[in-house]
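Each chain, written out:
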There are 2 protein chains.
Amino acid sequence: MAACVAVGFKPYSALRILSFYSSLPRARPLCFQPLFRRISPSSPARTCFCSLVSGGEKTKPEIAENWRSESVGDFRKKLRIADIKGGPDEGLERLGQTLVVKGWVRTVRVQSSVTFIDVNDGSCLSNMQCVMGSDADGYDQVESGSVTTGASIWVQGIVVKSQGSKQKVELKVNKIVVVGKSDPSFPIQKKRVSKEFLRTKAHLRPRTNTFGAVARVRNALAYATHKFFQENGFVWISSPIITASDCEGAGEQFCVTTLMQSSGEVDSLVDCIPKTKDGLIDWSQDFFGKPAFLTVSGQLNAETYATALSDVYTFGPTFRAENSNTSRHLAEFWMIEPELAFADLNDDMACATAYLQYVVKYVLENCKEDMDFFNTWIEKGIIDRLSDVAQKEFVQLTYTNAIELLLKSKKKFEFPVKWGCDLQSEHERYITEEAFNGCPVIIRDYPKEIKAFYMRQNDDGKTVAAMDVLVPRVTSSLLISIFIIFNSEFSAVHMFIH
Amino acid sequence: MAACVAVGFKPYSALRILSFYSSLPRARPLCFQPLFRRISPSSPARTCFCSLVSGGEKTKPEIAENWRSESVGDFRKKLRIADIKGGPDEGLERLGQTLVVKGWVRTVRVQSSVTFIDVNDGSCLSNMQCVMGSDADGYDQVESGSVTTGASIWVQGIVVKSQGSKQKVELKVNKIVVVGKSDPSFPIQKKRVSKEFLRTKAHLRPRTNTFGAVARVRNALAYATHKFFQENGFVWISSPIITASDCEGAGEQFCVTTLMQSSGEVDSLVDCIPKTKDGLIDWSQDFFGKPAFLTVSGQLNAETYATALSDVYTFGPTFRAENSNTSRHLAEFWMIEPELAFADLNDDMACATAYLQYVVKYVLENCKEDMDFFNTWIEKGIIDRLSDVAQKEFVQLTYTNAIELLLKSKKKFEFPVKWGCDLQSEHERYITEEAFNGCPVIIRDYPKEIKAFYMRQNDDGKTVAAMDVLVPRVTSSLLISIFIIFNSEFSAVHMFIH
């Protein structure tokens, strides 16, 4: 349990918090005023940034008043395109306002009298359409070809009603500044490109609609996860990533070592790896003095905290070295592991259900535009199915009853049904989609043989208090990567001894 | 950039979300009512848990009404000791209420007529004092010696005014159930024990006051971090942990490999490590087909997202393999890396200041009891100093001016002061504690030679747009581990090209 992790403090931080024990006499205030100057903005675009000099509500430092000019500016949330177009009336309430938009050019259409520039700042899927006449300040940059797809620009304009049908408002440009030019070879143009191609442009793919939407939805899911558990009194535990323990008992861990080097020719000789006189790897010379691995589960650590703080959860990266390139395998993924004290399987199911409904509802409410995009372009019907998850009551049945249900269905399954077998996708689909008409179903009380050793055994001696939540038809290959954080282990319920 | 991380889905999850493409005809509702039974509580203590059968506000599944008994119970937040004693009047507003408390026994004092049991549930530092007469249900468990320090108990009682001076209310016990007994050798007794001793009892140390308080404060800091950035429109990015890139250019990374095994005698022979004909490690046979490492920074990934989504942050584990056992070195730590687009150093300083003040204020408001504990037992004055951070205006000065200030101080420093030198702790202390009377100070515009290669060069050609925040006298060795998440790299500001 973290025994192999050195405890201390890292000097790489830019932000240092001093530790100081002795008590130095306080000097009188110093007044070297000439030493301190307000750095004047060197960039012409400086006015577009968001800090401003403090209004002075805060406590002044106990130093001479004329130091004031050196205070740090207040931090203000930027006005983003999402704030403008996501308003109650899709921006109409801002008609006539002069605003600044900063972002990246998606498309430019130069027409005889006006130029249309679609700008995206990543705050939402949709762009701000900027309409520009030849009289606008900075129009020469359009003429010289600096305003191209991928360029980063600063645009000031007035919010006007849009003539187009795609948006209610647009920006009539007063002034444009090209902050950074884009090369004509910029690979993310308006045409659709494959995800395989984007993989070769990993540094630019966040600028596509799909990857932007995935990032925003992932962010919403992660934050909703923290919100749910925090609002319900859970304490977040950062269980160690580097560990000497193996929670699953399987041999699928990554080794973490400093014995193997890849930097130099000599270093990466196998013969340079220290060995004992028996020819074994000499772990005593490794960083931690013994073998260390990447965690496969924070459960063991979370349990020690749950038996002290009652309800806790982990939410961090987890690793499996299983070499299987299927859509259901990841070497690295973020996992949520809640641990409830003084709880049984009913509480566990209630918690899992409430959590799922909370995060799904949060995403549907906060990422509407992104979910509409997925619904149209990636997986039709996803919004309806997620709405079902958010609103329908979950159904529970025991594994034993599920097997009986499958046997009575008289349906021909590829994998034969028998008490003790693992449920296959075809079985789970039948249960959720046919027997329960698209309702999420929790299967509980599995045979002990097909679940992990640490599950609590039920009184029947044959089953354990474990459960799986089956949610029908929610994901496609893309959404899998979004919903990866659903990948939680809610099933381990423990009646703590002390 | 994550190129080495397999994308897919992990089957280890208990919670599976089915993917399904074909359209099966929907069967009529099935009604195997005998199959489904409400599992009756097998444990006598079942009533103490927190789920209850749904009141039925949710949409019913489209199946026969008599399936209703199998719905999943609602999830309710537990009533915790923090909720009782942290109320507006420290619990007095609940006088006369019958409540249930579940937790672990801290101390038991058996007196002639009454028994005092102090119970802690980890929701807060302070215990609930439970007063029990011999007429209480379950008193035999006290007599038989089952209620000892470390035992987990379920207690039902009435909130009454406390006679003691340490709390306003206590619980007059009606009924007690020992959920789990404790061994007489339970090592966390009332006496103080050293942190070195607790290190050997890692599974039980979360039950001490100190480790419980640290866990709660860490949790508050982490959640406040997410809240601050989310409320300011930042998107959280989970940058890859396993990576082939090295952001810092130094050789301090951990190698992640499956080529080295520690499980069996044969596997851990150095000769079993695959090598090329030149005797080099054959990385093509490793998990990712090439060398892979633990991340030292998510900055490179965060930048690709910041140039698409505007403002982003990472908050995840980071690793350094520098073998130095000082209080400022960690092999594994959680780091925050915000990246702001369309921002300069002034925005950066404003963001860092606002962030620090936000999280410090959050902890002072939400972890009052824990901070009082630290203030009394760990580091006197910490609350005053943190209040200064939360309320005082931060001061900024350039590195060049800081050097001039130090030179003019005529103070004798151990490390001589000269333009171009790294600022040492003694210099930073002088600046924050003497020159600026305990005010947090931001030093900016460092010589390019002492900062990382990727910092933006200023127009003077000699300095770079980097900054360090110096906060005076905030930490001690214990608090360092709490405040480790302050360990942020706010200093990298980039004017993005496209």
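A short tour of the structure in this document, coming up. Residue indices begin from 1 for each chain and proceed along its sequence in written order. Here every chain gets a letter starting at A, and every ligand a number starting at 1, in the order they are written. It should be noted that, the model being predicted, local features are given only for residues of pLDDT at least 70 and side-chain atom pairs only at 80 or more, the latter also being counted only at that level, while totals for whole chains, interfaces and linings use all residues. To obtain the side-chain values, all non-hydrogen atoms of the structure were used and water was disregarded.

## Regarding the environment of Val110(B)
Residues and elements named next belong to chain B. Strands are runs of DSSP state E lasting at least 2 residues, helices are runs of H or I lasting at least 4, and numbering of each runs from the N terminus. Counting through the fold element by element, Val 110 comes out in strand β2 (residues 98-110). Here the alpha-carbon distance between Val 110 and Val 178, two residues 68 residues apart in the chain, equals 16 Å. Leave out the neighbours within four places in its chain, and Val 110 touches Thr 115 and Val 142. The criterion used for residue contact is that any of the two residues' heavy atoms lie within 4.5 Å.

## Section: the pairing of strand β12 (residues 332-340) of chain A
Residues and elements named next belong to chain A. Of all 9 residues in β12, 9 are buried; the element is thus mostly enclosed. By the alternation rule, side chains of β12 split into Glu 332, Trp 334, Ile 336, Pro 338 and Leu 340 and Phe 333, Met 335, Glu 337 and Glu 339, which are all buried. Across 9 bridges, the pairing between strand β11 (residues 311-319) and β12 is antiparallel. The residue bridging Asp 311 from the neighbouring strand is Leu 340, located in β12. Under the scheme applied here, a residue whose accessible area is under 20% of the maximum for its type counts as buried, over 50% as exposed, and between as partly exposed, the area being computed with a 1.4 Å probe on protein chains only. Think of it this way: DSSP has to see at least two bridges between two strands before they count as a pair.

## A closer look at the side chain of Glu332(B)
For Glu332(B), the position within the fold is in strand β12 (residues 332-340). We treat Lys and Arg as the positive residues and Asp and Glu as the negative residues; His and chain ends play no part in the count. What makes a salt bridge here is a side-chain nitrogen of Lys or Arg within 4 Å of a carboxyl oxygen of Asp or Glu, nothing more. Buried charge Glu332(B) goes without a salt bridge, the closest partner of opposite sign being Arg218(B) at 8.2 Å. As used in this structure description, the phrase polar contact means that two N or O atoms lie within 3.5 Å; if the pair is within protein, one of them must be able to donate a hydrogen and the other to accept it, and residues adjacent in sequence are counted only when both atoms belong to side chains. At 2.6 Å, the side chain of Glu332(B) and the backbone nitrogen of Ile241(A) are in polar contact. Looking at Glu332(B), its side chain comes within polar contact range of the main-chain nitrogen of Ile242(A), at 2.9 Å.

## Focus: helix α9 (residues 399-408) of chain B
Residue and element names in this part refer to chain B. Here α9 has its buried residues at Tyr 399, Asn 401, Ala 402, Ile 403, Leu 405 and Leu 406. Check the buried side of α9 and you find it contacts β13 (395-398), α10 (425-435) and β14 (441-447). Downstream of α9 by one or two residues, Lys 410 has phi in the positive range, about 60 degrees.

## A short note on helix α10 (residues 425-435) of chain A
Residues and elements named next belong to chain A. Of all 11 residues that make up α10, 9 are buried, and the element is covered over most of its length. Within α10 the residues assigned to the buried category are Glu 426, His 427, Glu 428, Tyr 430, Ile 431, Thr 432, Glu 433, Glu 434 and Ala 435. Following α10 by one or two positions, Asn 437 has its phi on the positive side, about 50 degrees.

## Comments concerning unusual backbone geometry
All names here are of chain A. One non-glycine residue, Ser 310, lies in the positive phi region at around 80 degrees. Looking at the element boundaries, Ser 310 is found in the loop between α5 (299-309) and β11. In this structure, Asn 437 is a non-glycine residue whose phi angle is positive, near 50 degrees. Checked against the element boundaries, Asn 437 lands in the loop between α10 and β14 (441-447).

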